[in-house]
Amino acid sequence: MRAAVSALALALCLVVHVRDEVPARPAAPDAPTSVDAPTTAPEPALANDPAPALVSAPAPSRVGLATSFPRPSLERFFLDSGRSVLGLFPTEPKKLVFLGGMALGAALAVAYDVPLHAAISAVPNPNVFGMREGTLISFLGEGYVDVIGLLAIGLIGGRAGQRVAWAGSEALLAVALVSRLGKLVFRLERPSADPSRHHWFSEASADAMPSGHTMTAFATASVLASEWPKLAPLFYLVATVVGFARVQEHTHWPGDVVVGAALGTLIGLKAHELTRRYELEVQPWAAPGGAGVALAHPF
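So, a few notes on the structure that sits alongside this text. (Residues numbered from 1 in each chain as written. Predicted model: local features only at pLDDT ≥ 70, side-chain atom pairs only at ≥ 80, totals over all residues. Heavy atoms only, no water.)

Turning our eyes to something else, we now look at the nonpolar core. Soluble globular proteins tend to bury their nonpolar side chains together. Core analysis: the biggest nonpolar cluster contains 26 residues, and Ala171 and Ile267 have the highest contact counts within it. Contributions of two or more residues to this core are made by helix 6 (143–156), helix 7 (158–186), helix 8 (212–227), helix 9 (232–248) and helix 10 (254–278). Tallying contributions element by element places helix 8 first for this core, with eight residues. Once residues lying within four places of it in the same chain are set aside, the contact partners of isoleucine 267 are Ser84, Leu88, Ala171, Ala174, Val175, Val178 and Met215. (Core = buried A, V, L, I, M, F, W, Y, C linked by side-chain atoms within 4.5 Å. Buried < 20%, exposed > 50% of the residue type's maximum accessible area, 1.4 Å probe, protein only. Helix = DSSP H or I, 4+ residues; strand = E, 2+ residues; numbered from the N terminus. Contact = heavy atoms within 4.5 Å.)

Listed below in structure tokens is the structure:
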């Protein structure tokens, strides 16, 4: 499944990479109105007359902004996917506080996994359209579903949508790698096998820690929240519901979900940050005295 997610992420990047969206050419500025020259010569200035005031040229007016996200190479895509993993080792104070809080939350969740899992499992999980509600919600954490959503945003969302699609695809590829590595290291059995206790480093098919669906949902949510911060509570709420559903479905312990949420968020934030660093704002401008292009780099 993770290999399929990676392949779909690569396909998304190819689509966005070759999409031909050329920004509209800015309209030519109106020609300045000519003024007839005076018929009489100006009087010479006297010695005690004040100096003539300097007339400043009108400031350039921007007539358009580039509407296409600059298309990085696929080499850049894979490099930034790998660099997104470095988001798990933050240096910024806010991210360090977040990581510390999530580590404490994960430790508590793991310590009380059994009673927490029992309590969440007792929450009603009715059938909707012939499937359990938790199963339907879990689809929002499937990699291919997120890839399709990012593809749609990239195709119809303009420059911001293309930026989100590119950063989100990088994050999902990094999530697939980190999730698989964590499952291979911890080899924790799912609660569906034995809800009464943990089985770490199991010889059986064990891949509970961390929750890949939760990682995917939070990585996508953090990219979207970075681009549209006013909607951040909504994005993170949807990701939280996905994590809750994974416990409700007996596929993960609460500790798996908390760890997955922390890892996915840090990876998504780093992917969006790397994408913004790469981007150059191309801003055409025109004025009566001329025209040009301004380049702006976001920090």
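Let us look at the pattern of salt bridges. By the definition in use, this model includes nine salt bridges. Two residues, glutamate 227 and arginine 163, come together in a salt bridge whose shortest N-O distance is 2.6 Å. Here glutamate 227, found in helix 8, pairs with arginine 163, found in helix 7; they are 64 residues apart in sequence, far enough to count as distant. In this structure, glutamate 227 and arginine 163 share a single accessibility class: buried. (Salt bridge = Lys/Arg side-chain N within 4 Å of Asp/Glu carboxyl O.)

At their nearest, the axes of helix 7 and helix 10 sit 8 Å apart, and the two run at 140 degrees to each other. Our classification of the angle between helix 7 and helix 10 gives oblique. Where helix 7 crosses over helix 10, the handedness of that crossing is right-handed. Residues Arg163, Trp166, Ala167, Glu170, Ala171, Ala174, Val175 and Val178 of helix 7 lie in contact with helix 10, whose contacting residues are Leu263, Ile267, Gly268, Ala271, His272, Thr275 and Arg276. For the contact of helix 7 with helix 10, a count of residues per class yields nine nonpolar, three polar and three charged. (Axes fitted to C-alpha atoms, helices over the stretch in contact; angles between N-to-C directions. Parallel < 35°, antiparallel > 145°, perpendicular 65-115°, else oblique. Left-handed = near helix turned anticlockwise from the far one by under 90°. Nonpolar A, V, L, I, M, F, W, Y, C, P; charged D, E, K, R; others polar.)

Now for helix 6. Over its 14 residues, helix 6 extends 20 Å from the first C-alpha to the last, a length consistent with the 20 Å expected when each residue adds 1.5 Å. For helix 6, the full list of buried residues reads Gly143, Asp146, Val147, Leu150 and Gly154. In a view along the axis of helix 6, the buried residues occupy a sector of 100 degrees, so they form one face of it. In helix 6, the exposed positions angled more than 90 degrees off the buried face are occupied by Ile148 and Ile156. Of the residues trailing helix 6, glycine 158 is marked for its positive phi of about 70 degrees. (Expected span 1.5 Å × (residues − 1). Arc of directions from axis to C-beta.)

Another aspect to go through is the environment of leucine 173. If you trace the backbone, leucine 173 turns up in helix 7. Classification of leucine 173 as buried rests on a relative accessible area of 11%. Residues leucine 173 and serine 84, spaced 89 residues apart in sequence, show a C-alpha to C-alpha distance of 9.3 Å.

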